[in-house]
Amino acid sequence: LVYGERMWDRFLEEARTAAKLDHPNIVYIHSVKEKDRFLYFVMKYIDGRSLDDLLVQTPQLPVPVAQTILVEVARAFDYAHHEGVVHRDIKPANIMIDQKGAAIVMDFGIARALGSQHFTQTGATIGTPAYMSPEQCHGSETTAASDQYSLGILAYEMLGGVTPFVGSPIELQVAHLQDIPRPITDLRPDLPLG
C-alpha cells in the first residue's frame, strides 16, 4: 500500500469483491476493516495446513488426493468466475487443507473483479512467477483462463513433485511464454493416461 492512493483504492475494491464470495471451498471473509490508514481482512480461521506444507512432506500426492484437491479448487474458481472474480495468484501456499480434508482457496488479495477498473499498470505483472499464466507474464489482461492455467501448474506439481518450470522470476516468465514442460509421465510413470 506504500504505492499510494491507487494501490489503496485497488486493495479496498478487491477486498470488498472477495468479501462477497460465499462458497465452501473459498475462505469466508467476515469484513474488510480500516484503521489508521491500514486495511485488513477479517476472515474465518481454517484449522488445517497449507497445501504447500503438505507438498513438502509428500511432494508427489496420491492420484485420488490430487484429484480431490483439484476438483474442489476448480469448483471454487467456477463459482468465483461466475461471480466475476479472477484470483490471479493460485499456488499451494494459497490453498488450505482443513481437518476434514477439504481444500479452501485463500488470499484473494490480488483478485480482480472482471469488468472493474483495471488498477494494474500496463505491462505490470501480478502473481507468483512459477504459477503465472502467459498473459500475466506478458502483463496482459487476465481472465478465468489465467486461473485455469495456474490450476494446471498446480496439478503438475501435485502429481510430478515439481513445477514445470524452474529458474529466476524472469526465466520463469519467459518459460511460461515459450517453453513446453517436460511430460509429467517422465516424472511419474505410474500416472494413468486416461
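Structure: see above.
Residues numbered from 1 in each chain as written. Predicted model: local features only at pLDDT ≥ 70, side-chain atom pairs only at ≥ 80, totals over all residues. Heavy atoms only, no water.

## With respect to the pattern of salt bridges
This is how the line gets drawn: Note on definitions: salt bridges are taken to be side-chain nitrogens of Lys or Arg within 4 Å of carboxyl oxygens of Asp or Glu. Categorising residues by exposure relies on relative accessible area from a 1.4 Å probe, with only protein chains included: less than 20% of the type maximum marks a residue as buried, more than 50% marks it as exposed, and the intermediate range marks it as partly exposed.
Taken as a whole, this structure holds 3 salt bridges when the rule is applied. Here Lys91 and Asp89 are joined by a salt bridge, their closest N and O atoms 3.6 Å apart. Each member of the pair, Lys91 as well as Asp89, carries the same accessibility label: buried.

## Details of the side chain of Ser150
Stated precisely, the cut-off is as follows: By definition, any uninterrupted DSSP run of H or I lasting at least four residues is a helix, any uninterrupted run of E lasting at least two residues is a strand, and each is numbered from the N terminus. Here a residue-residue contact requires only that any non-hydrogen atoms of the pair lie within 4.5 Å.
Tracing the backbone through its elements, the reader meets Ser150 in helix α5 (residues 144-160). Judged by its relative accessible area of 2%, Ser150 falls in the buried class. Beyond its immediate sequence surroundings of up to four residues, Ser150 is in contact with Ile90, Tyr131, Met132, Ser133 and Gln136.

## Structural notes on the side chain of Ser146
With respect to the secondary-structure elements, Ser146 resides in helix α5. When neighbours within four sequence positions are excluded, Ser146 is seen to be in contact with Ser133, Glu135 and Gln136.

## Quick word on unusual backbone geometry
At Arg88, a position not held by glycine, the phi torsion is positive, near 75 degrees. Structurally, the position occupied by Arg88 is in the loop between β4 (85-86) and β5 (95-98). For Arg88, a relative accessible area of 4% gives the class buried.

## Structural notes on the pairing of β5
If a strand is regular, its side chains alternate between the two faces of the sheet. Formally: Two strands pair under a simple rule: DSSP has to find at least two bridges between them.
Pairing of strand β3 (residues 48-50) with β5, which is carried by 3 bridges, proceeds in the antiparallel orientation. Across the sheet, Ser50 pairs through a bridge with Met96, a residue of β5.

## Concerning the nonpolar core
Convention followed: We call a set of buried Ala, Val, Leu, Ile, Met, Phe, Trp, Tyr and Cys residues a nonpolar core when their side-chain atoms join them within 4.5 Å.
Grouped together as the largest cluster of nonpolar side chains are 28 residues, with contacts concentrated most on Leu51, Leu61, Ile69, Val73, Ile95, Phe108 and Met158. Looking at this core, the elements with two or more residues in it are α2 (51-57), α3 (63-82), β5, β6 (103-105) and α5. The leading source of residues in this core is α3, at 7 residues. Among all residues touching Met158, those that are not within four sequence positions of it are Leu51, Leu55, Pro59, Gln60, Leu61, Ala66, Ile69, Leu70 and Arg188.

## Some remarks on the sheet that holds β6
Using the following cut-off: Axis angles are defined between N-to-C directions and span 0 to 180 degrees, where every axis is a line fitted to C-alpha atoms and, for a helix, only to the segment in contact.
Overall, antiparallel pairing links the 3 strands, which are arranged β3-β5-β6 in an open sheet. Either end of the sheet is taken by a strand with one partner, and the two such strands are β3 and β6. Going from strand to strand, the sheet's axes swing by 30 degrees on average, the running direction of each strand aside. On top of the sheet, α3 reaches β5 and β6; it is set at about 35 degrees to β6, its chief contact.

## Some points on helix α6 (residues 169-178)
Quick note on the threshold: Think of the arc as the fan of directions from the helix axis to the C-beta atoms.
For α6, the full list of buried residues reads Leu172, Gln173, Ala175 and His176. Seen along its axis, α6 keeps its buried residues to an arc of 160 degrees; they face one direction. Among the exposed residues of α6, those oriented more than 90 degrees off its buried face are Ile170 and Gln178. Those residues of α6 that are buried are in contact with α4 (134-138) and α5.

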